[in-house]
Amino acid sequence: MEVTVATAATLEALAALVAAQQADPRSHIGYLGDDATSIAADLAGLEPDGLDGVLVAQAADRVVGVLGAEYDTDPPRVWWHGPFVAGVDDPGEAADALYGAARQRLPGVVREEELAPDDRNQLVAELARRHGFVAEEASAVLTRPLWPTTDPPADHPEVAIAPLAAGHRREVATLHDTTFPGTHTVSDRLDLGEERRVLVATSHDAGVVCGYVAVEVQANQAGYIDYLAVAEQHRGRGIGGALVSVACASLAAAGCGSATLTVRESNGAARALYSRLGFREVRLLRPWRRGFRLNDPVAEADPVPPAEPAGP
Ligand SMILES: CC(C)(COP(=O)(O)OP(=O)(O)OC[C@H]1O[C@@H](n2cnc3c(N)ncnc32)[C@H](O)[C@@H]1OP(=O)(O)O)[C@@H](O)C(=O)NCCC(=O)NCCS
């Protein structure tokens, strides 16, 4: 087996391998879509190296493994896209070969690493354990269809919901930073215009910001709800639900057939709200982190059930 850097010539074959793996929960990872076209575009567009950040394992002229690296220097972190392995006798060995080679290519300053496999993906979980990654709380991926179109959301009696206005930027940034400390999307990168739109709930009486939601139209017209927060003193009055309803309506108006989001497994308040609005769980994504933590580690279930004690 040979590990080389991906090229435009191998892109189609490696995207096909990744698409087949993404379709199976036991080899699925977060970060990447499901169809070969969007996967090829995502891998070719990995920051900062594009295809130079993607390694391919080949055996007998066939692509048998793929691992992409997206990394940053602030924070000095890599998000591993994979590894994906198929058609070899020892997938763990191929995964290790890809990971070892890809790690060598990273700038030395990048010390923080993250993997985000589907919780049923044993290949990546085992690689993570072998290399000292620590499992943290999973996030549930929830989705709901947006078609056939539902009625427009009812107006909320206390707040108006509208796209972020310049005058509310500072209040939204404060709410974002206090609600999601340490998140990768810092507040000044929250509203990206066309790419990610922020909708804001402001009170009718005082004009203060009570909450916001961020929505994105992703590849293939897939709608994504990225952040949702309501200021503590305004919670429990239907504002979060109203924001999600308006977010869904705006995604439907942009031509999206579904809305997807991720939520921490333990976030009961948000999960109840999403469930009430018709969102259903598709999968759990398990973050494995090395060199940094965003949450406390979770106690892992033993992947191999212990043998029954011998009877008397
Ligand atoms: C999750 C969050 C956005 C919910 O906001 P909220 O404004 O309290 O949400 P709502 O008021 O619409 O819904 C909360 C509960 O209040 C109830 N409620 C009370 N008065 C209500 C009213 N007048 N109208 C509608 N619902 C009302 C709802 O039934 C709902 O209960 P349920 O979800 O168990 O059915 C908020 O708790 C928050 O910002 N949390 C921190 C950030 C976070 O977790 N974000 C989600 C990340 S994915």
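Residues numbered from 1 in each chain as written. Predicted model: local features only at pLDDT ≥ 70, side-chain atom pairs only at ≥ 80, totals over all residues. Heavy atoms only, no water.

1. Considering the site of the ligand
Move 1: Every one of the 19 residues lining the ligand counts as a neighbour, but Gly236, Gly238, Gly240, Gly241 and Asn267 are closest to it.
Move 2: At a separation of 2.8 Å, a nitrogen atom of the ligand approaches a polar backbone atom of leucine 228.
Move 3: Arginine 276 is positioned with one of its side-chain polar atoms (N or O) 2.8 Å from an oxygen atom of the ligand.
Move 4: Here the ligand loses 67% of its free accessible area of 930 Å² to cover by the protein chains.
Move 5: Only strand E11 (222-230), helix H6 (239-253), strand E12 (258-264) and helix H7 (268-276) provide two or more residues apiece to the shell around the ligand.
Move 6: Here the shell around the ligand takes five residues from H7, the largest share from any one element.
Move 7: Taken together, the residues of the shell around the ligand break down into nine nonpolar, seven polar and three charged. (Near = heavy atom within 4 Å. Polar contact = N/O pair within 3.5 Å; in protein donor to acceptor, adjacent residues only side chain to side chain. Areas by Shrake-Rupley, 256 points an atom, 1.4 Å probe, with all protein chains shown as cover. Helix = DSSP H or I, 4+ residues; strand = E, 2+ residues; numbered from the N terminus. Nonpolar A, V, L, I, M, F, W, Y, C, P; charged D, E, K, R; others polar.)

2. Focus on the sheet that holds strand E10 (residues 209-218)
The strands that make up a sheet are held in pairs by hydrogen bonds between backbone atoms, and each pair lies either parallel or antiparallel.
Move 1: The strand order E8-E9-E10-E11-E12-E7-E13 describes an open sheet built from seven strands, whose pairing is mixed. Every other strand in the sheet has two partners, leaving strand E8 (159-163) and strand E13 (280-285) as the edge strands with one partner each. Recorded for the sheet is a direction-independent mean angle of 25 degrees between the axes of neighbouring strands.
Move 2: Sheet topology places E10 next to E11; eight bridges connect them, and they run antiparallel. Among the inter-strand pairings, glycine 211 is bridged to a residue of E11, identified as valine 230.
Move 3: Along the sheet, H6 contacts strand E7 (139-145), E8, strand E9 (197-203), E10, E11 and E12; its crossing angle with E11, the most-contacted strand, is approximately 160 degrees.
Move 4: Packing against the sheet, H7 makes contact with E7, E11, E12 and E13, and its axis sits at approximately 160 degrees to E12. (Pairing = 2+ DSSP bridges. Axes fitted to C-alpha atoms, helices over the stretch in contact; angles between N-to-C directions. Contact = heavy atoms within 4.5 Å.)

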